[in-house]
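So the chains spell out like this:
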Amino acid sequence: MDKFVHLIKLSVGTESVETLTDWQASRAAQSPDGLPRHITRMWPKREAEILKGGSIFWVIKGTIQCRQRVVRMDEVIGADGIRRCAIVLDPKLHRTQSALKRPFQGWRYLKPEDSPPDLPGSRENDDTLPDDLNRALAEIGVL
């Protein structure tokens, strides 16, 4: 496969993967064709690499918990007349192994080799660990 790159983004205000799913199901978070999207001020310079198989990895409460495949990037002009980038996503959220991530602003590029692997299908419906336990296990390298 051609070289690709991922994005990583804090999901501000999200409490869990479930609340991210609920938000994306709302009309406010959807593109005109009904797919979930995230609107950002900055257009990724590496758009072509992202669209070759990249995903957006979501950081929820200080931990990478899931990812979504990036489908396309649409231009959106805000009410203020400023051009923005709508990162349009596949609706399927893939849970990943937990990985701690310090807060940062905006989004960042994430190399495939630095991204946490998806959880096996048999574990996707497991109960989520409490945040403190999840963070402690990730700190010692168990997760």
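The residue numbers shown here count from 1 along each chain, following its written sequence. Side-chain atom pairs in this predicted model are given and counted only at pLDDT of 80 or more, local residue features only at pLDDT of at least 70, and totals for whole chains, interfaces and linings cover all residues. As a convention, hydrogens and water are excluded, and side-chain values are obtained from all of the structure's heavy atoms.

1. Side note on the nonpolar core
Turning to step 1, where the next piece is worked out: Here, nonpolar core means buried Ala, Val, Leu, Ile, Met, Phe, Trp, Tyr and Cys residues that are tied together by side-chain atoms lying within 4.5 Å of each other. A simple rule labels every residue: compare its accessible area, found with a 1.4 Å probe on the protein chains alone, to the largest value its type can have, and call it buried under 20%, exposed over 50%, or partly exposed in between. Within the largest apolar cluster, 16 residues are counted, with the highest numbers of intra-cluster contacts made by W58, C66 and V70.
Turning to step 2, where the next piece is worked out: Two residues qualify as a contact provided that any one of their heavy atoms is within 4.5 Å of a heavy atom in the partner residue. Sequence-distant contacts of C66, that is, excluding residues within four places in its chain, are made with V17, L20, I56, F57, W58, I60, L93, H94, R95 and T96.
Turning to step 3, where the next piece is worked out: Ranked by size, the runner-up nonpolar core spans seven residues in total, among them L10, F57, F104 and L110.

2. Description of helix α1 (residues 17-25)
Turning to step 1, where the next piece is worked out: Residues of α1 that are buried: V17, L20 and Q24. For α1, the buried positions fall inside an angular range of 60° around the axis, keeping them on one side. The exposed set on the far side of α1, more than 90 degrees from its buried face, consists of D22 and A25.
Turning to step 2, where the next piece is worked out: The numbering of helices and of strands both runs from the N terminus, where a helix is a DSSP run of H or I of at least 4 residues and a strand a run of E of at least 2. Taken together, the buried residues of α1 touch β3 (55-60), β4 (63-77), β5 (83-89) and β6 (94-100). The directions from the helix axis to the C-beta atoms form the arc being described.

3. Focus: the packing of aromatic side chains
Turning to step 1, where the next piece is worked out: Here the aromatic set is Phe, Tyr and Trp, taking the six-membered ring for Trp, and pairing holds for ring centres within 6.5 Å; pairs whose planes are under 30 degrees apart are stacked, those over 60 apart are edge-to-face, and all others are tilted. Counted by the stated rule, this structure contains one aromatic pair.
Turning to step 2, where the next piece is worked out: Their ring planes at 70° and their centres at 5.2 Å tell us that W107 and Y109 sit as a pair that is edge-to-face.
Turning to step 3, where the next piece is worked out: Judged by its relative accessible area of 13%, W107 is buried.
Turning to step 4, where the next piece is worked out: Under the relative-accessibility criterion, Y109 is labelled partly exposed at 30%.
Turning to step 5, where the next piece is worked out: The rule is short: NZ of Lys or CZ of Arg within 6 Å of the ring centre and within 35 degrees of the ring normal puts a charge over the ring. Between R83 and the ring centre of W43, over which it is positioned, the NZ or CZ distance is 4.3 Å.

4. Some details on unusual backbone geometry
Turning to step 1, where the next piece is worked out: Of note, K61 is a non-glycine position whose phi angle comes to about 55°, a positive value.
Turning to step 2, where the next piece is worked out: Along the chain, K61 falls in the loop between β3 and β4.

5. Re the pattern of salt bridges
Turning to step 1, where the next piece is worked out: When a carboxyl oxygen of Asp or Glu lies within 4 Å of a side-chain nitrogen of Lys or Arg, that pair is called a salt bridge. Counted under the stated rule, the structure contains ten salt bridges.
Turning to step 2, where the next piece is worked out: Between D33 and R72 there is a salt bridge; the shortest N-O distance is 2.8 Å. With D33 in the loop between α1 and β2 (37-40) and R72 in strand β4, this residue pair connects regions lying 39 residues apart in the sequence.
Turning to step 3, where the next piece is worked out: Notably, a salt bridge pairs D90 with R69, separated by 3.1 Å at the nearest N-O pair.

6. Considerations on the side chain of K9
Turning to step 1, where the next piece is worked out: Tracing the backbone through its elements, the reader meets K9 in strand β1 (residues 6-10).
Turning to step 2, where the next piece is worked out: An unpaired buried charge is present at K9: no salt bridge exists, and E15, the closest side chain of opposite charge, is 15 Å distant.
Turning to step 3, where the next piece is worked out: When neighbours within four sequence positions are excluded, K9 is seen to be in contact with H38, I56, F57, W58, V59, F104, G106 and W107. In summary, the charge assignment counts Lys and Arg as positive and Asp and Glu as negative, without counting His or the chain termini.

7. Side note on the environment of P117
Turning to step 1, where the next piece is worked out: Considering the arrangement of structural elements, one finds P117 in the loop between β7 (107-110) and α3 (131-139).
Turning to step 2, where the next piece is worked out: Spatially, the C-alpha atom of P117 lies 5.9 Å from that of Q97, the residues being 20 residues apart in sequence.

8. A few points about the environment of R41
Turning to step 1, where the next piece is worked out: Of note, R41 is situated in the loop between β2 and α2 (47-50).
Turning to step 2, where the next piece is worked out: When its relative accessible area of 62% is taken as the criterion, R41 is described as exposed.
Turning to step 3, where the next piece is worked out: For the pair R41 and R83, spaced 42 residues apart in sequence, the C-alpha to C-alpha distance is 7.3 Å.
Turning to step 4, where the next piece is worked out: Residues in contact with R41, not counting those within four places in the same chain, are R83 and R84.

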